[in-house]
Every structure is written in structure tokens, then in C-alpha cells.
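Working through the structure, step by step
Spelled out, the chains give:
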Amino acid sequence: MKAYRNYQKFVVIFLALYLVIGYGFKLTQDREIFPIFSWSLFTNVPNQINDYGIRIVAIDGQELDTPFYYEEGKDTFIDYDSAQAYFNFRDFGRALTAGNTERVEEIRGYLESLYLEEAGQIRYEVVARSWDAVDRWNGGGFLTEEVIAVYETGQ
Amino acid sequence: MTKQLRRLRGLLRIEGWMDPAGAFPNQERAYTLARLIVRLFYWVVLFEVSRLLTNSWFVWQELEEIAPVWPVFWVNFTGITLGINIIGASAYITSILAALFTERRIFRILLAISFLMLIGFWNSFGKINHGYHTWLAVTFFFIFLPDGNWKAIENSVGKRHKFLTVFWSAQAAVFFFYSMSGFLKVGWGLVQMVSGEIGIFHPMGFSYQVAQSLVKTNETALLADLIINNPILGWPLYLSAAYIETFSIVAVFRPKAHRTWGTFLALFHVGSFFVMNIRFITNILLLGLLFVNSPFAPAGFHIPTILRNLPLIGDLIHLYNKRKSAEI
């Protein structure tokens, strides 16, 4: 009976700790410690989105007449519609804006090999953008676009 | 603490609506069903491990760089190819053993560890996905199920009760996670409302949420355009989703609400796919196993009972009836 009572207490403490750690890391550092998660999914309704995009400007040394964002590259990249890619680009942009060189190099290492290099030698811009979601869904453009860095894969 | 736990349980379930025998109206039946569901769960884990590995094992072997989460940090030392071979082989072997010899705790422990590593590797590419977090929690809680011959404890009320308590704790963890998500939606929605922003409590809230989710990755979904451009259709769905998520933790204390709530949450995931192209399909399977087939849910389908046991709505009905009978 004692073991049973202890188990009940363990479950309550476990879930309480899970909540504290999950929410704590989300609220203080906006990150998670796998496999604990705040379960913050679609919590914020962004009235205006400020994000970062990867804009492709040259492939294998050939300048593109019309540079395009990674998510528009259906014919060039397998993962063009990947949410994982989008969030990695976001983290990359955030690290650049914060001037966190170590994090920039860390993310760049896997970002290029996971998403870009499959299409050849890519020159790309990291662009800070702002946009209205409903407006863009209905064909509108970005409110602002600012290039914050330019890189070439493997260099 | 035990007293406080009892008080909490009493507060969350609706006293007087339970069967006289308490939370386990037919304990023997519940035990038989729970045992079967646990066995099925481990077979489904084997299926999921196979699905993940057949899709990705060879692709993962070719990777040059990853961002390993802590359960697979050691891949930095072994190299990716050897690392994924170890993770893949151990996940396959332990999931087969756990599916075949579910009653042996050692195999459940080994499976929980290797499954954690497999899902850890799957999440070692920067952004973390959450499709298997609830599964990981269930594999963790099921470790505490009794070790040895489950048939032998069939005739012991106390041991059956312990088994069912562990089973219920896994259910509680799953619904608790949904509630955590709901608390944040409601809490942040209030903040946005007070700030005068468009949020969950604004009729345009869902339109903005759906549009931003799809535009970010240049995707579309079957019902997306309808919902984005007709906010009045989407808003009630958004509010309902927040209600269902938030009150999940209450529903877990009400066995008569398990089936309904499990179905609601599964439909919420189906709806998310049609509106936002979000594929949380692994959770649909888990909800079906643990809740739609909940061993604690009474047999039969009685709409008034279901309504009376719905969190918040059921409580309001209860209060109304109470007040009405007091007036008489």
C-alpha cells in the first residue's frame, strides 16, 4: 500500500516538475530540453510576423535573374516546405542579429548540409522580413525586407 | 499529501455521478482491457519504430553533420553512421522483445531507453518535432507496471488496482500535456486581448493563425482558404480546440468522459490536418488506444451521461440542476 501511495505522489511531482521545466525554459529562454516541452503550439497569434528567410541568389556560380526564397524553391529543394527548415532559418537569423558567432557557425554547419548543398554551390542571403499573414495568403508581399548576411555554401 | 491528492481528485470529478464502486466500476473488466491495451501499445511501438527506420535509416547513415540532443550526444564520438546503426538495431531488438514479452519489466525499460534515443536522433536536426513526446511519456510510465506474470495477479483486487493506477497515470500524462497547451493558449489569448491585439479571443484570430502557419512554409491545406477568408467559420473551431485542450486534465478524472474526450482530441488533429496541414497523426493512434478504448469508460453510449460528464459544460448542467431542485 505504501508503494502505491508513493507512486501516486511520484506521478503528481513528476507532472508538476515537467510543467515547471517546460514552461520555465519556454518563458525564460524560448527553448526546450528534449523530451520535455512546454506544449506551446500555436499559442501566439502573430498580428505582424517578423522572421528570417534564406534567399537564393546564385546556383553553381550562375547569378539568378529572379532570386527566390527557399520555401519558393519547389523545383530546387526537396525540403522546400519543411517547417523544420523554416525554424532552423529563424534560429540562424536570430543568432546573426544577436551577434552570436559561435551559434551562427554551429547552425550554418548543419543548415547548409541538410537543406542547401543538395542543389549545388549556393550563394544565399539571410533576410530579415516582416509581413501580414492574411495579406500574404491572398497574394500580398512583404512589408519590409533587409539583407543581414550573405554566404556561400561550403565557404 | 495523500489527503490533498484525494481532495484534488474529488474536486475534478463530479461526485455523485460516479458509480458507487468509485473510479473503477468494473475493476475486473477494466484490468482485462488495460492488459490488452498495454500489449497492443507495444506492438504499435514496434510498428512505429519500423516505420521510422524503414523510411530513414539509410538516409541517416549518409548524414555528415547533425545537432544531437542529449540522449544521443555520444554520436559525436562514434560518428553518425555507427551511431545510427546502434540506435536502429537496439530500437528494433528492444521493441520486438517488449512486444513479445510485455510482462517483463526489463524489456519495457530497455525499450523506453532505446525509443528515447531513436526519437532523440530523429530530433537532432535543429528544430524539435513533438509527434512522439506523448509516446515517450507512456513508455516511461508503463515501466512501473508490475513485473512478471500478469495472469497471476488477475485474482488480486489490490494488484489489479496498482496495475490500473499505473495505466491511469500514463493517461493522465497524455491529457496533462494537452492541458499545458490549452493553458498557454487561453493565458496568452487573454494577454493579447488586453493588449488590443488579434488573438484567440478575436474573430480574426484563427484566420491569422492558419495563414501564418501555411505561408511560412509555402504550403496549402484543403480547407485553408475557406477558413482564412471566412473568419466566422474558423473562430468557433479555434475556441473549441482551446476548450478541449485546456480541460483535458479534468476529463482524465472522469472515466465517463474518456471516450468522448479522446474522440474530440483525435478529431482536433484530423481538423488541424485539413485546415493547417499539420500532421500529428501519431497522437490519433495513441488517443484511440488509451482513451477511445479506455478500460475505465463504461460500456454503452448514453448521450445525457456523456454531456453531464463533459468538463465545464457538464459542471454547468450540474449546477443548473442543483439550483433548480433547490428551488423546488
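Presented here is an overview of the structure given in this document. (Residues numbered from 1 in each chain as written. Chains lettered and ligands numbered in written order. Predicted model: local features only at pLDDT ≥ 70, side-chain atom pairs only at ≥ 80, totals over all residues. Heavy atoms only, no water.)

Focus on the overall build of chain B
The following threshold applies: Each helix is a run of DSSP H or I of at least 4 residues and each strand a run of E of at least 2, with the numbering of both proceeding from the N terminus. Each radius of gyration is computed over the set of C-alpha atoms, and the globule rule expresses the reference value as 2.2 Å times the number of residues to the power 0.38. Burial here depends on accessible area, computed with a 1.4 Å probe over protein chains only, as a share of the maximum for the residue type. Under 20% is buried, over 50% is exposed, and the range in between is partly exposed. Accessible areas in this description were obtained via Shrake-Rupley with a 1.4 Å probe; residue shielding takes into account the shown protein chains only.
In terms of helices and strands, chain B carries 15 helices and 0 strands. The C-alpha atoms of chain B give 22 Å as radius of gyration, which agrees with the globular expectation for 328 residues (20 Å, within 12%). Overall, the C-alpha framework of chain B stretches about 75 × 60 × 35 Å when taken along its three principal axes. Taking all 328 residues of chain B together, the buried fraction comes to 54%. Carbon together with sulfur atoms contributes 67% to the accessible area of chain B, which is approximately 14800 Å² in total.

Considering the interface of chain A and chain B
Heads up, the rule is: Note on contacts: a residue pair qualifies if any of its non-hydrogen atoms lie within 4.5 Å across the two residues. By convention, the term buried area covers the 1.4 Å-probe accessible surface removed from two parts as they join, with the contributions of both added. Any Lys or Arg side-chain nitrogen found within 4 Å of a carboxyl oxygen on Asp or Glu counts as a salt bridge. Identification of polar contacts relies on pairs of N or O atoms within 3.5 Å, with a donor-acceptor requirement for protein atoms, meaning one able to donate a hydrogen and the other able to accept it, and with residues adjacent in sequence counted only if both atoms are side-chain atoms. Residues are grouped as follows: Ala, Val, Leu, Ile, Met, Phe, Trp, Tyr, Cys and Pro are nonpolar; Asp, Glu, Lys and Arg are charged; all remaining types, including Gly, are polar.
Residue-level contacts link 52 residues of chain A with 69 residues of chain B. Of the roughly 5700 Å² buried between chain A and chain B on both sides combined, carbon and sulfur atoms contribute 71%. Three residues, Phe 34, Trp 39 and Trp 137 of chain A, lead the burial of chain A against chain B; their summed loss comes to 17% of the area buried on that side. Taken together, the connections running from chain A to chain B amount to 0 salt bridges. Where chain A touches chain B, the interface holds 21 residue pairs in polar contact (both at pLDDT 80 or more). The biggest single contributor to the side of chain A that touches chain B is helix α1 (residues 2-29) of chain A, with 14 residues. Of the residues assigned to the side of chain A that touches chain B, the class counts are 32 nonpolar, 12 polar and 8 charged.

What to know about the side chain of Thr 153 of chain A
Residues and elements named next belong to chain A. For Thr 153, the location among the structural elements is in the segment after β4 (144-152). Accessibility expressed as a relative area gives 4% for Thr 153, which makes it buried. Once residues lying within four places of it in the same chain are set aside, the contact partners of Thr 153 are Glu 112, Leu 116, Glu 117, Gly 120, Gln 121, Ile 122 and Tyr 124.

Examining the sheet that holds β4 of chain A
Residue and element names in this part refer to chain A. Inclusion rule: Any two strands with at least two DSSP-identified bridges between them are counted as paired. Structural elements are reduced to axes, namely lines fitted to C-alpha atoms, with helices fitted over the stretch in contact, and the angle between N-to-C directions of any two is expressed from 0 to 180 degrees.
If you walk across this open sheet you meet the 4 strands as β2-β1-β3-β4, and the pairing is antiparallel. Of all the strands in the sheet, the pair left with one neighbour each is β2 (62-69) and β4. When the angles between neighbouring strand axes are averaged without regard to direction, this sheet yields 20°. Judged from the 10 bridges that link them, strand β1 (residues 49-59) and strand β3 (residues 122-131) form a sheet pairing that is antiparallel. The residue bridging Asn 50 from the neighbouring strand is Ser 130, located in β3. On top of the sheet, helix α3 (residues 101-116) reaches β1, β3 and β4; it is set at about 85° to β4, its chief contact.

Here we look at unusual backbone geometry
It is generally the case that most residues other than glycine have a negative phi and that most peptide bonds are trans. Residue and element names in this part refer to chain A. Cis geometry is found at the peptide bond from Phe 34 to Pro 35, where omega equals 5°. As for its placement among the helices and strands, Pro 35 is situated in the loop between α1 and β1. The phi dihedral of Trp 39 is positive, around 60°, even though this residue is not glycine. Structurally, the position occupied by Trp 39 is in the loop between α1 and β1. Overall, the relative accessible area of 4% leaves Trp 39 in the buried class.

Points about the packing of aromatic side chains
Stated formally: Two aromatic rings, drawn from Phe, Tyr or Trp (for Trp, its six-membered ring), form a pair once their centres lie within 6.5 Å of each other, and the interplanar angle then sorts them: stacked below 30 degrees, edge-to-face above 60, tilted otherwise.
Counted under the stated rule, the structure contains 45 aromatic pairs over all chains. Relative to Phe 141 of chain B, the ring of Phe 14 of chain A has its centre 5.2 Å away and its plane inclined at 80°; by these criteria the two rings are edge-to-face. One end of the pair, Phe 14 of chain A, is in helix α1; the other, Phe 141 of chain B, is in helix α6 (residues 133-142), on a second chain. Classification of Phe 141 of chain B as buried rests on a relative accessible area of 0%.

Focus: the environment of Ala 30 of chain B
Residue and element names in this part refer to chain B. With respect to the helices, strands and loops of the structure, Ala 30 is situated in helix α2 (residues 27-61). On the accessibility criterion, Ala 30 (3% relative accessible area) is buried. Among all residues touching Ala 30, those that are not within four sequence positions of it are Leu 164, Pro 295 and Phe 296.

What about the packing of helix α7 (residues 157-194) of chain B against helix α12 (residues 258-276) of chain B?
Residue and element names in this part refer to chain B. As a reminder of what qualifies: Any angle that is under 35 degrees is reported as roughly parallel, and any over 145 degrees as roughly antiparallel; angles of 65 to 115 degrees are reported as roughly perpendicular and all others as oblique. What makes a crossing left-handed is the near helix being turned counterclockwise from the far one by less than a right angle; a clockwise turn instead makes it right-handed.
The geometry of α7 relative to α12 is characterised by a closest axis approach of 13 Å and an angle of 45° between their N-to-C directions. Here α7 is positioned oblique relative to α12, judged by the angle of their axes. When the axes of α7 and α12 are compared, the crossing they make is left-handed. On α12, the residues that touch Gln 171, Phe 175 and Tyr 178 of α7 are His 258, Trp 261, Gly 262, Leu 265, Phe 268 and His 269. In the contact of α7 with α12, the residues fall into 5 nonpolar, 4 polar and no charged.

Side note on the pattern of salt bridges
It is possible for side chains bearing opposite charge to pair when their charged atoms get close. Residues and elements named next belong to chain B. With the rule as written, the count across this model stands at 17 salt bridges over all chains. The salt bridge partner of Arg 39 is Glu 103, with a shortest N-O separation of 2.5 Å. With a gap of 64 residues between them, Arg 39 in helix α2 and Glu 103 in the loop between α4 (80-100) and α5 (105-122) connect regions that are remote in the sequence. On the accessibility criterion, Arg 39 (29% relative accessible area) is partly exposed. In this structure, Lys 185 engages Glu 245 in a salt bridge whose closest nitrogen and oxygen atoms are separated by 2.7 Å. Placement of the pair is Lys 185 in helix α7 and Glu 245 in helix α10 (residues 231-246), with a sequence separation of 60 residues.

Focus on helix α8 (residues 205-216) of chain B
All names here are of chain B. Filter applied, for reference: In this scheme, a helix's expected span is set at 1.5 Å multiplied by one less than its residue total.
In this model, α8 (12 residues) spans 17 Å end to end at C-alpha, consistent with the 16 Å of a helix rising 1.5 Å per residue. When we look at burial in α8, the residues that qualify are Gly 205, Phe 206, Ser 207, Tyr 208, Gln 209, Val 210, Ala 211, Gln 212, Ser 213, Leu 214, Val 215 and Lys 216. Asn 218, located one to two residues past α8, shows a positive phi value of around 55°.

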